[in-house]
Structures are given as C-alpha cells and as structure tokens.
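# A closer look at the structure
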2 protein chains.
Amino acid sequence: MTAVVIHDPTLRDGQHAVRHQLGMEALRGYAAAADAAGIPVVEVGHGNGLGASSLQVGRAAVPDDLMLATVREALQHSRMGVFLLPGWGTSDDLRRALKQGADVVRIGVHCTESSLAERHLGFLAEQGAEAHCVLMMSHMASPEDLAEHAARAVGHGARAVGIMDSAGHFLPDDVSERIGAIRAAVEVPVIFHGHDNLGMAVANSVAAARAGAGIIDGCARGFGAGAGNTQLEVLVPVLERTGFTTGIDLYALLDAAEFAERALMPAPPVTDSLSIVSGLAGVFSGFKHQVLEQARGAGVDPRDVFFELGRRQAIAGQEDLIGDVVAELSARGPVA
Amino acid sequence: MTAVVIHDPTLRDGQHAVRHQLGMEALRGYAAAADAAGIPVVEVGHGNGLGASSLQVGRAAVPDDLMLATVREALQHSRMGVFLLPGWGTSDDLRRALKQGADVVRIGVHCTESSLAERHLGFLAEQGAEAHCVLMMSHMASPEDLAEHAARAVGHGARAVGIMDSAGHFLPDDVSERIGAIRAAVEVPVIFHGHDNLGMAVANSVAAARAGAGIIDGCARGFGAGAGNTQLEVLVPVLERTGFTTGIDLYALLDAAEFAERALMPAPPVTDSLSIVSGLAGVFSGFKHQVLEQARGAGVDPRDVFFELGRRQAIAGQEDLIGDVVAELSARGPVA
C-alpha cells in the first residue's frame, strides 16, 4: 500500500463557485469537519489566493487575515494551506500568512513560467516553510517542458511540485505521461490537481497516483467553478480501493462533504455544455461569463468562441482575446 | 477509428429520478432533440420498463402506448428502444411495443439469470426484432460467469449482449476485464451501461470501448436515480477524442442535454454520500429511501446498513433484507 497525501482546497478553489463569499460559519464549520476526518492539508483563501481580493476579480466576504485565523483555530490536526499567484499576492502576504500559522504555501504559475515563482520560493525556503509550486493550465505544455519547469521550481526551493489541469482537458493517459515525466525529473513529492469538465477528475487522479504522484487535490462535492474540482469524498475511497492509503476516515469525510453541500454551496457543481466545451477546447472555464456575454451581443455561438480561444492558446489574463475572436467570428458570418 | 453505437436511455432510465413522471412535452422535445443530434437509439418507457407502471414501483405519468407513440412520432432518423424486465413486462407488452414501432428491445435480467430472458428473446427473434440482453448488477458475477450468461443469451436469440453496472461499483480495470471476457465469448456487439456513483462512469465507458464494447449507454446530464448514469454529452466527445466515432453532432447533442436539464429534471444528479456508499458497497441505490427511513427509525447509521447489505449480496426484490440488517445492527448497539 502506497500512501498518498490528500490536499483539500475546498475553502480556496471552491470560492470561485460563490464569488469568494464564504462566510465565517462556513469556513469554521468545514475546517472543523475536515480536521475531524483527518484530511492532511486544508487550504483556505480567496479563490485567486492571498492578496487577490479586489474589485477586479471580486472582493472576498472575509479578509485574508480573518480567514486564516478562523481556519487555524478550527484545525487541531490538519495542516493549513494557502495559495498565492505572483502578481496578485506579494511577499508581505506570505509573511503575514506564515505568522498566522500557514503550514503549506503553494505558489501557482502558468505551466511554462516557473521563474515567476523563484523569488517567493526562495523567501519561503529561507523561512523554513513548506513551499509547493503548481504549474497551471498544464495541458498547454509538453511532458518534457513540465518536467523541466518542475525541476527548476525544486531548484528554487519547492518541496513539492506538480500540475493543475486548470481547463479540465486531460484524459487519464495524458496525466500518466505528465506525472511520470515530472516524477523522473525531481526527488520531491509530485502534485496533481484535477477538474471535472470531461468527467475524468477521479480517473485522472487515480492515474496520477499510479504514475507516482504523492499529493492529490480534491474538494468536497467537487466544489469549484463550472464543472468543479475532483470530488474529494469520491476520490478518497476510490484511491483506497485502488491500493493507496490516505489515512482519512470515510464516514467523517462523508459528513464533511454533507456539511459542505449544505453550508458552502448553493448547489453542487454541474457539468454543463460550456464546461464540456471549455474542457475540450482547453480553455480556462473562468472565461465563461465574458464569452457568453460578448458572444450573445454579437450573435455568435459561444461554443465556437471557446474552440477558437483554444486554438489561440488563450490563458487567463488574455480576456481581450475574447473580443477579438467574437468580432472575427461575427464578421465571418454563419457557416454554411 | 472504431465506430461505437450510442444508446440513449434518458427517457427510460432517467425516469427513476422523477418517479416516472416525464410528461408528453418532455418526451416529445427530448426525442426530437436527440434525433436532431443523430443519436442512434432513443430508449423510452417507465424506469422499470414495459408494463412496470404500477402502485408498487410507481405509476408513470404517461401510459406505455402513449409514450411510445409520442417518441415514435418525434424520431425521424433515430431508432426507438424499449426495455423489459421479465416479471414486470410480458410478451403482450412486447407485442404491442413492436406494433408501435420499437426497433430495439432490451431484456434486462440479473447477471446470473440469463435463462429468465430465454422466452422473450425467442419470441423477439421469431418476430425478426432486434433483441438485446443486458446483465444487471454485473459486479456480482465473475468475468467468466458473465461471459457464460452472455453466450447463453446469444443462444436464446440476443443480437447484442452486455452488462449494466447497476450499483456503480466498477472501476475501469474491472470493466476492461469483464467486457474482454464477454467479447471473447460472443460474436455479437457487446453493451456497457454505467452509473456514476464513484465518478467513473465516463472512464468506465472508455475502458469498455477499448476492450471492444460496440454499444455504450449514456443519458443527457447523467439523468438517472442517485448519482445518475454516464453523462451522454461528456461521453460522446471523450470517446471521439479517444479514437472512436459515434456519428453524433456535438453541438446538437449539447443542445439536447440543455433541453433535458431544463425540461426533464428538477436538477442534474448529485453524487451524495449514500450514492458513494451504495457504489462502494455494490448495492442498488434504489434501496436508498427504504434504508434511510428504516435506519433512522432504529437509530442505526444508514451507511452501515448499505455496507452490510453489500456483504449479504442483496439485490432488488430483497428489500426485506433491509429490515433484517437494521434490526441486527440496532441489536448490536453502537460500536465502541
């Protein structure tokens, strides 16, 4: 039996599904339930990480400091995780998070931009903190490139590295190949974080574990934007049945998931048409609202917009491409 | 590229999620949308099949004859499928269904009871109808036993045979092994029908196709009881990406799924705690309401009841076992 460490970003990545509006009772209640289930790491924060609460991506209901203090207090055994996107969060945010007892700090960068994590990983290494680096939108890079950037992140001080399937584009063979390549390139634990756009989040996570990933992410009821993340309380028993150990208590985990469904989300994630299309196209589903709005205004099929954005390799921050694509498709007129 | 035939029981298996209350507009609208998408077979009926509408399992909103006539009229290209469980439906029901233009008739039997399908399969063969036989609760039999019963069904006249993962218990390797065994034992197309209790319905279906299944079932938005069936509009593009052809138009399929979400279901299926437990335990999730009611009355954990029912290999029709298990667990008292 191989041990796998479960990392639970319900209170961070899940925030995307409720525009970062999780309140104190939700944070406290879920953290306590996850702690009772024996989940090793409970990640908390604004959906876009430390320091990201803003008019541009949405203000969180609870400020970072108070979120961290609340979850910290609710955790007796679980370690507390935080997430930071360079540019959104700063070293000051990291410093404060460490003071508040963050045990695991993840730096997220676009899959080919490990250098953006260098300064933060170096700072965290100096502080003796457990720093992870996750490569986002990882379907946009080859296994070799991912392995190279993972190795660089370890060089910068990361104690674990891995990939996020941010667009929910991977099928299990894709994951096996990429995790295998990273595993061969680094000595530290490898991370996999899935999204369920193509109904493959659990299967992809099992493929990751089999390929040697040591840290796997999952959210209660799949809480997250669009099709959601890997459903944690499904992932854990399936991993156990597949020959991995998680140390998590099944019934307490199911209780935590029921609490989450009741107290955190208006409804569990649904894999709707645009979630599927964004997964197929390999585009971040966070584009959805802007695509819908602009496509409708121009009488263009939003699905065509997603596929064209995929062909152009659009990534978060390139929202201006949506307007270009809509204008171009609109000018082309309906296809015969 | 290998062709796979998609069989869509949204208007039959999905009925379980709404206590067989699909109305005329829903039937007509979804059948037309599925037809427009080029779905080869659209199955319709009471959730438990022809002739099953009754006080015991619930009366359908629309009688069989009217359901079939309505769907028949809405289909221009797709073939119409019906389902029959021996004991619930009779030869008379089959005769009427054929008169109303049913093209594909599936006889469902418990996985080790192919003999129960003999008479109906013989009758259908005489009539020149395309008869299928599906082995339900197929996780309860070994690959060898499934292959043997599949071969017998072909001997009785089935032109396709396969398995239903009625409890949603399988993981992909389980499916590969079973489909492979059946494939080696028969010359006719092999069927796979999945449920999503462990988040594996799409992955299991891909495994089935890779192992040689030629007919795969899926329901729009996964419409079905509990965790639901394989999500059709996810299954199709994932099969296509994996190297299979379905002949189905993606956008029209997504439109059909959107219609289904809007007009057929109060909400898409959710994989809740008892769906997961019933999948792990290998128990038909249709037991859920009775388990919940009796367990609560006796102060017993319904999850323990499901796991114990699984150990006792309970199957549909053995609902009296629920009371026995609850009484026994209650007498045992809380475990220290």
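None of the values given here were measured: they were computed from a predicted structure.

### Regarding the packing of helix α3 (residues 91–99) of chain A against helix α4 (residues 118–126) of chain A
All names here are of chain A.
- Running from N to C, α3 and α4 point in directions that differ by 30 degrees, and their axes come no closer than 11 Å. Relative to α4, the element α3 is oriented roughly parallel. The two elements α3 and α4 cross, and the hand of that crossing is right-handed. Here S91, L94, R95 and L98 of α3 come into contact with α4, specifically with R119, H120, F123 and L124.

### With respect to the environment of P40 of chain B
- Along the chain, P40 of chain B falls in the loop between α1 (24–37) and β3 (41–44).
- Contact partners of P40 of chain B, with chain neighbours within four places excluded, come to V5, I6, S78, R79 and I248 of chain B.

### Examining the UniProt feature "binding site: Mn(2+)" (unreviewed entry) in chain A
Residue and element names in this part refer to chain A.
- UniProt's entry tags D13, H193 and H195 with the feature "binding site: Mn(2+)" (unreviewed entry), counted in the numbering of this structure. A compact arrangement is adopted by the annotated residues: their sequence extent is 183 residues, whereas the largest C-alpha distance between any two is 10.7 Å.
- Following the sequence through the fold, D13 ends up in the loop between β2 (5–11) and α1 (24–37).
- A relative accessible area of 7% means that D13 is categorised as buried.
- In this structure, H193 sits in strand β8 (residues 190–193).
- Those residues in contact with H193, other than ones at most four positions away along the chain, are P9, R12, D13, I163, M164, D165, D217 and N229.
- Among the polar contacts listed, one links the side chain of H193 to the side chain of D217, at a separation of 2.7 Å.

### Regarding the relation of the copies chain B and chain A
- When chain B is fitted to chain A, the residual RMSD is 0.0 Å, and the transformation amounts to a turn of 180 degrees plus an axial shift of 0.0 Å. Taken together, the rotation angle and the small translation identify this as a two-fold axis. Across chain B, the rotation axis passes nearest the C-alpha of A203 of chain B, at a separation of 3.2 Å.
- The overlap is high: 100% of the interface residues of chain B also sit at the interface in chain A, so the same surface is used on both sides.

### Quick look at the state of the cysteines
Residue and element names in this part refer to chain A.
- Under the defined criterion, the tally for this structure stands at zero disulfides over all chains.
- Just so you know, C111 is unpaired, no disulfide at all, and the nearest cysteine sulfur is the one on C133, 11 Å from it.
- By relative accessible area, C111 is classed as buried at 0%.

### Some points on empty space enclosed by the protein
- Enumeration according to the criterion identifies two cavities of 30 Å³ or more in this entry.
- If you add up the space inside the largest cavity, you get close to 500 Å³.
- Together, 27 residues line the largest cavity, and D196 and T271 of chain A together with D196, Q231 and T271 of chain B are the ones closest to its centre.
- For the lining of the largest cavity, the class distribution of residues is 13 nonpolar, ten polar and four charged.
- By volume, the second largest cavity is sized at about 40 Å³.
- Lining the second largest cavity are L50, D64, D65, L68, D93, R96, A97 and Q100 of chain B.
- Broken down by secondary-structure element, the contributors of at least two residues to the lining of the second largest cavity are α2 (64–74) and α3 (91–99) of chain B.
- Residue composition of the lining of the second largest cavity, by class: three nonpolar, one polar and four charged.

### Notes on the packing of helix α11 (residues 288–298) of chain B against helix α13 (residues 320–332) of chain B
Residue and element names in this part refer to chain B.
- Contact pair α11 / α13: the axes reach a minimum separation of 10 Å and the direction vectors enclose 30 degrees. Relative to α13, α11 is oriented roughly parallel. The two elements α11 and α13 cross, and the hand of that crossing is right-handed. Note on element contacts: α13 touches α11 through I322, G323, V326 and S330, opposite Q290, V291, Q294, A295 and A298.
- In terms of residue class, the contact of α11 with α13 is built from five nonpolar, four polar and no charged.

### Overview of the sheet that holds strand β7 (residues 160–164) of chain A
Residue and element names in this part refer to chain A.
- The parallel closed barrel is built from eight strands, whose spatial order is β2-β3-β4-β5-β6-β7-β8-β9. The mean inter-strand angle of the sheet, taken between neighbouring strand axes irrespective of direction, is 25 degrees.
- Note: β2 against strand β9 (residues 215–217), three bridges, orientation parallel. Bridge pairing links H7 to D217 in β9.

### Considering the pairing of strand β3 (residues 41–44) of chain A
Residues and elements named next belong to chain A.
- Burial along β3 is two-sided: the residues V41 and E43 and V42 and V44 are all buried.
- Here β2 runs beside β3; their pairing, made up of three bridges, is parallel. By the bridge assignment for β3, L11 is matched with V44.
- Each parallel crossover has a hand, and for β2 linked through α1 to β3 it is right-handed.
- Where β3 and strand β4 (residues 79–84) come together, three bridges link them in parallel fashion. Of the residues in β4, the one forming a bridge with V42 is M80.

### Observations concerning the side chain of E233 of chain B
- By secondary structure assignment, the location of E233 of chain B is in helix α8 (residues 232–241).
- A polar side-chain atom of E233 of chain B sits 2.7 Å from a polar atom in the side chain of R221 of chain B.
- A distance of 2.7 Å separates polar atoms of two side chains, one belonging to E233 of chain B and the other to Q231 of chain B.
- Look past the residues within four positions of E233 of chain B in its chain and what remains in contact with it is T271 and I276 of chain A together with C219, A220, R221, L253, L254 and A257 of chain B.

### Things to note about α4 of chain A
Residues and elements named next belong to chain A.
- Within α4 the residues assigned to the buried category are H120, L121, F123 and L124. Projected down its long axis, α4 shows its buried positions confined to an angular sector of 160 degrees, all on one face. Seen from the open side of α4, the exposed residues pointing more than 90 degrees away from its buried face are R119 and E126.
- The inward-facing, buried residues of α4 contact β4, α3, β5 (104–110), β6 (130–136) and α5 (143–156).
- Of the residues one or two after α4, G128 is the one with positive phi, at around 75 degrees.

Scoring rules and cut-offs
Residues numbered from 1 in each chain as written. Chains lettered and ligands numbered in written order. Predicted model: local features only at pLDDT ≥ 70, side-chain atom pairs only at ≥ 80, totals over all residues. Heavy atoms only, no water. Axes fitted to C-alpha atoms, helices over the stretch in contact; angles between N-to-C directions. Helix = DSSP H or I, 4+ residues; strand = E, 2+ residues; numbered from the N terminus. Parallel < 35°, antiparallel > 145°, perpendicular 65-115°, else oblique. Left-handed = near helix turned anticlockwise from the far one by under 90°. Contact = heavy atoms within 4.5 Å. UniProt positions renumbered as here; feature names shortened; annotations may be inferred. Buried < 20%, exposed > 50% of the residue type's maximum accessible area, 1.4 Å probe, protein only. Polar contact = N/O pair within 3.5 Å; in protein donor to acceptor, adjacent residues only side chain to side chain. Least-squares fit on C-alpha atoms with pLDDT ≥ 70 in both. Disulfide = S-S within 2.5 Å. 1 Å grid on protein atoms, 1.4 Å probe; cavity = no way out; pocket = protein on both sides within 12 Å on 5 of 7 lines; lining within 4 Å. Points joined across faces, edges and corners; volume = space filled by probe spheres on them. Nonpolar A, V, L, I, M, F, W, Y, C, P; charged D, E, K, R; others polar. Pairing = 2+ DSSP bridges. Right-handed = clockwise from strand over helix to strand, strands pointing away. Arc of directions from axis to C-beta.

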